[in-house]
Amino acid sequence: MAFDVVRILVINGPNLNTLGWRQPEVYGHETLADVEAMCKAEGDRLGAEVECFQSNSEGQIVDRIQSARGVFDGIALNAGAYTHTSIAILDALLAVGVPAVEVHLSNVYQRESFRHHSYLSKAAIGVIAGFGSHSYILALHALKHRLDQTPSAQVN
Ligand code: DHK
């Protein structure tokens, strides 16, 4: 679906509301509000309207992904620990067909082995991990680039 202004939904999952004080050596010192403000500012630079959503609840994340259909052109998703467990979020991404980039602050491949598998990568156009809050900025650029190449990227 093509829009004059590209609309990107940034979704953060469980425990990402604790950014700033949660394991700062892993996740950095910026708060979720800082990250969301960075995403909106980068969206302005890119000519993209960025909306942000966070939930600790798997069902609410599924609901938000479903409601993106026909409204958003792209999704940047850090599903937190649900990345490694949630077939429901995978199914929601596959159902809506909105191009999604999987985002992680940390380099999950340097961490515990249970973080090495993602259920969501199958539905993502790409994965960005390990750049701290800059991972989100890279995801916005990747989505904008993809959407500029294929304005009708939504597939169903
Ligand atoms: C965030 C989480 O909350 C973890 O459960 C993931 C991810 C990694 C991140 O790096 O942003 O394993």
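All of these numbers come straight from a predicted model, not from anything done at the bench. (Residues numbered from 1 in each chain as written. Predicted model: local features only at pLDDT ≥ 70, side-chain atom pairs only at ≥ 80, totals over all residues. Heavy atoms only, no water.)

## Let's talk about empty space enclosed by the protein
If you walk through the whole model with that rule in mind, you get one cavity of 30 Å³ or more. Considering only enclosed or pocket space, the largest cavity measures out at about 30 Å³ in volume. In this structure, the largest cavity is lined by T83, H84, E102, H104, V108, Y109, R115, H116, H117, S118 and V127. Classifying every residue of the lining of the largest cavity gives three nonpolar, six polar and two charged. (1 Å grid on protein atoms, 1.4 Å probe; cavity = no way out; pocket = protein on both sides within 12 Å on 5 of 7 lines; lining within 4 Å. Points joined across faces, edges and corners; volume = space filled by probe spheres on them. Nonpolar A, V, L, I, M, F, W, Y, C, P; charged D, E, K, R; others polar.)

## Brief notes about the packing of helix α3 (residues 58–66) against helix α4 (residues 87–96)
Following both chains from N to C, one finds α3 and α4 inclined at 5°, their axes separated by 9 Å at the closest point. Relative to α4, the element α3 is oriented roughly parallel. On α4, the residues that touch E58, I61, V62, I65 and Q66 of α3 are A88, I89, A92, L93 and V96. Considered class by class, the residues forming the contact of α3 with α4 number eight nonpolar, one polar and one charged. (Axes fitted to C-alpha atoms, helices over the stretch in contact; angles between N-to-C directions. Helix = DSSP H or I, 4+ residues; strand = E, 2+ residues; numbered from the N terminus. Parallel < 35°, antiparallel > 145°, perpendicular 65-115°, else oblique. Contact = heavy atoms within 4.5 Å.)

## Brief notes about the nonpolar core
Core analysis: the largest hydrophobic core is formed by 22 residues, its most contacted members being I8, V10, L19, C39, Y136 and L140. For this core, the elements supplying multiple residues, two or more each, are β1 (6–12), α2 (32–46), β2 (48–54), β4 (100–104) and α5 (134–149). The greatest single-element share of this core, amounting to five residues, is contributed by α5. The next biggest cluster of nonpolar side chains, apart from the first, holds 21 residues, and it includes L9, I75, L77 and I89. (Core = buried A, V, L, I, M, F, W, Y, C linked by side-chain atoms within 4.5 Å. Buried < 20%, exposed > 50% of the residue type's maximum accessible area, 1.4 Å probe, protein only.)

## Concerning the sheet that holds β1
Read across the sheet, five strands follow the order β2-β1-β3-β4-β5 without closing on themselves; strand pairing throughout is parallel. Each edge of the open sheet is held by one strand with a lone partner, namely β2 and β5 (126–129). This sheet shows a mean twist of 20° between the axes of neighbouring strands, independent of strand direction. With four bridges connecting them, β4 and β5 associate as parallel partners. When the bridges of β5 are listed, E102 appears paired with V127. (Pairing = 2+ DSSP bridges.)

## Comments concerning the packing of α2 against α5
The N-to-C vectors of α2 and α5 enclose an angle of 30°; their axes lie 10 Å apart at closest approach. Classified by the angle their axes make, α2 and α5 are roughly parallel. Like other packed secondary-structure pairs, α2 and α5 cross with a definite hand, here right-handed. Note on element contacts: α5 touches α2 through Y136, I137, L140, H141 and K144, opposite V35, M38, C39, E42, G43 and L46. (Left-handed = near helix turned anticlockwise from the far one by under 90°.)

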